[in-house]
Structure formats: structure tokens, C-alpha cells
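As a plain string of letters, each chain reads:
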Amino acid sequence: MNAKHNVKDLESIATRLRLHVVDMVAPSGQGYVQQGLGAADIFTSLYFAEATMDPTNPEWPDRDRIFLTTAHNTAIFYATLAERGFFPVDDLKTYVTDGSTLEINSSERMGPFVEATCGSLGQGLSVAIGCAIAAKRQGRASRFYVIVGDGEMQEGQIWEAAMLAGARGLDNLCFIVDYNFVQSEGPMDLVMSLDPLMDKMESFGFACQEVDGNDLSALLSAYDVARETKGKPSFIKANTLMGKGVESLEGLMFHQLRFPPEVASSARAELEAQL
């Protein structure tokens, strides 16, 4: 059930996911394209190499569970779910259209493969911790992966939940922050810096790692370390580049990017050339 690929295969998958993001956001001309391009490697590494799951049986009790707490970052999330086989890829064409279940904020209305409705930032980690505690009590080997945004780390509920995870020694929990250095109000460090983030997380009882979130090998190695860590939850600061994979968009710090047709067409051509 666990789909294993080599890094070259994973890089191709990540490029396909980026293509889907471009195609999904292009019709409306605006959306979370920069975040999706930047986070594609995190989603690829989790869904196609690390997490144990079965798209034909999404409610399998012993599955690993992935929680996207930045629930507005749906273009990359839906692209990943479709490519992984949870629903038809053609359904991506309905993204944010009237009546579609592919809403701008993901919800359980889509089906059981969305582990929790996390429209309000800061809540997803709490849900994942509850599930991780339950799995411990039931003697399940499942692991719980939580993808949080860097701006979301400013929510107070995140820190309350982190304190509980550390106190309980939840070594089946892997907390990943997609650190792209920007939030809706502007650059992270100008709005409210999280530094020294690693020291803070260590003080809450987490085993911490910092990696290049666009390096698939580094991500896979970090998951290996997290899986082998006992008695502590894991925290991975995955630094990502907004717009990754499309040279003209890389490093443009827009929470919501205006995406005219000519830019979308150029981005698509650049990504297709990488396949």
C-alpha cells in the first residue's frame, strides 16, 4: 500500500503537481499558486513515498494520516489527492466552480480522505494530536503528519497543542511547517518573527530538524529520522521557495498572486519542458 519511488520519479510527480496547480488557478486568474508551487515537494514526498495509505480504502483504520491545516492552500492539496488516486484527475477542472466539492478551503465534504476540516487556522494540529493519542491507546502503528504554514504558527492554539504533544511524548506525530517566509500581511519577519523557532520547539519537547523543503532527498531523510525518534514528537522546518519550478515566479512573495493568461501559459510551458 505504501507507494515507494526513487527521487527522480518523485521529481517528475512534483512537476506534474505543479502543472495541475497552474491549470487550476489559471481560469480565475488569482489564487494560491505561489504556495502550491513551493509546497509541491512536501506533498509529493509525503503522499507518494512516506505515508502508508490506500486510495481504494481511504477509511482504512491503520492508515497514516496527513492533515493540511492551511486549508486554503487547496490547489496543491487537490492536485496531490487526484494524482495519488483518491479521485479522478479530470475533477480538478471543477476547482472553485459553483457546486464543486473542490472548494477554496478543503473540507470533509469531499470525502474521508480529507482528515479534518481546517478552515480556521491553528486548529489542525489539535485534531491531529487527538488522533495520535487515540492511536497510541489503541495500539496502532499509524503515524500522523501535520502540514502547517509559517504564518499560521502565530496562532495561539498551535502553541497550546504543541505543549500537549511534547508533554505526551507523541513520537507518532510529525509536525511540518511549510516555511515560505510570507503571510497574508507581508513578509514573516516584518509582521511577527517566529525566531528562534527551533529553540522554541525544542523547549516544548520536540525533536527538531531544519531542511530545504524543495529537496526531496532531504525531506525523505528527515522523515526517516522522525520515524526512528522515540519518546518525542518531531518538528520539521521545511524552508520552501514560493513559485518553485517556474523561474519567472520563483521568489515572488505574493500571498495571492494575480495570474494573467500569458503568465499561466508561460509557466505551463516551462514545467512541461521539465518532464
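Look up a bit, the structure's there.
As a starting point, this report considers the structure included with it. As the structure is a computational prediction, the values presented were derived from the model and not from experiment.

## A word on helix 5 (residues 156-168)
Consideration 1: Helix length check: helix 5 (13 residues) gives 19 Å between terminal C-alpha atoms against 18 Å at 1.5 Å per residue, within 8%.
Consideration 2: At its buried positions, helix 5 is contacted by helix 4 (124-138), strand 3 (144-149), strand 4 (173-179) and helix 7 (197-203).
Consideration 3: Downstream of helix 5 by a residue or two, glycine 169 has a phi angle that is positive, lying close to 60°.

## Focus on the sheet that holds strand 2 (residues 65-68)
Consideration 1: Within the open sheet, the five strands sit side by side as 2-3-4-8-7. Their pairing is parallel. Among the strands making up the open sheet, the edge pair consists of strand 2 and strand 7 (207-212). Taken pair by pair, the neighbouring strands of this sheet meet at an average axis angle of 20°, ignoring direction.
Consideration 2: Note that strand 3 and strand 4 share six bridges and pair parallel. Directly across from valine 146, in strand 4, lies its bridge partner phenylalanine 175.
Consideration 3: Contacting strand 2, strand 3, strand 4 and strand 8 (234-239), helix 2 (residues 33-50) crosses the sheet at an angle of about 175° to strand 3.

## Brief notes about the nonpolar core
Consideration 1: Membership of the largest hydrophobic core comes to 57 residues, with the highest contact counts inside it found for Leu46, Tyr47, Tyr78, Phe87, Ile176 and Phe259.
Consideration 2: Ignoring sequence-local partners within four residues, the contact set of tyrosine 78 consists of Met24, Phe87, Leu92, Tyr95, Thr101, Leu102, Glu103, Asn105, Ser106 and Met110.
Consideration 3: Counting 32 residues, the second largest nonpolar core, distinct from the first, contains Val146, Met153, Ile158 and Tyr179.

## Re the packing of aromatic side chains
Consideration 1: The full count for this structure, using the stated rule, is 10 aromatic pairs.
Consideration 2: Seen in terms of ring centroids, tyrosine 78 and tyrosine 95 are 5.9 Å apart; in terms of plane orientation they differ by 75°. Their pairing is edge-to-face. Here tyrosine 95 lies in the loop between helix 3 (74-84) and helix 4 and tyrosine 78 lies in helix 3, a separation of 17 residues in the sequence. For the residue pair tyrosine 78 and tyrosine 95, the accessibility class agrees, reading buried in each case.
Consideration 3: Pairing phenylalanine 175 with phenylalanine 206 gives two aromatic rings, centres 6.0 Å apart and planes at 65°, and the pair type is edge-to-face. A residue pair is termed long-range when its members are at least 10 positions apart, and phenylalanine 175 in strand 4 and phenylalanine 206 in the loop between helix 7 and strand 7 qualify at 31 residues. Across the pair, exposure class does not vary: phenylalanine 175 and phenylalanine 206 are buried alike.
Consideration 4: Taken together, Phe43, Phe77, Tyr78 and Tyr95 form an aromatic cluster joined through their ring pairs.
Consideration 5: Taking NZ or CZ as reference, lysine 237 lies 4.3 Å from the ring centre of tyrosine 179, over its face.

## Quick notes on unusual backbone geometry
Consideration 1: With an omega dihedral of -5°, the bond running from aspartate 195 to proline 196 counts as a cis peptide bond.
Consideration 2: Notably, valine 96 is not glycine yet its phi reads approximately 55°, a positive angle.
Consideration 3: Mapped onto the elements of the fold, valine 96 is located in the loop between helix 3 and helix 4.
Consideration 4: With a phi angle near 70°, phenylalanine 181 is a residue other than glycine that sits in the positive phi range.
Consideration 5: Judged by its relative accessible area of 34%, phenylalanine 181 falls in the partly exposed class.

What counts, and at which threshold
- Residues numbered from 1 in each chain as written.
- Predicted model: local features only at pLDDT ≥ 70, side-chain atom pairs only at ≥ 80, totals over all residues.
- Heavy atoms only, no water.
- Helix = DSSP H or I, 4+ residues; strand = E, 2+ residues; numbered from the N terminus.
- Expected span 1.5 Å × (residues − 1).
- Contact = heavy atoms within 4.5 Å.
- Pairing = 2+ DSSP bridges.
- Axes fitted to C-alpha atoms, helices over the stretch in contact; angles between N-to-C directions.
- Core = buried A, V, L, I, M, F, W, Y, C linked by side-chain atoms within 4.5 Å.
- Buried < 20%, exposed > 50% of the residue type's maximum accessible area, 1.4 Å probe, protein only.
- Phe/Tyr/Trp six-rings, centres within 6.5 Å; stacked < 30°, edge-to-face > 60°.
- Lys NZ or Arg CZ within 6 Å of the ring centre and 35° of its normal.

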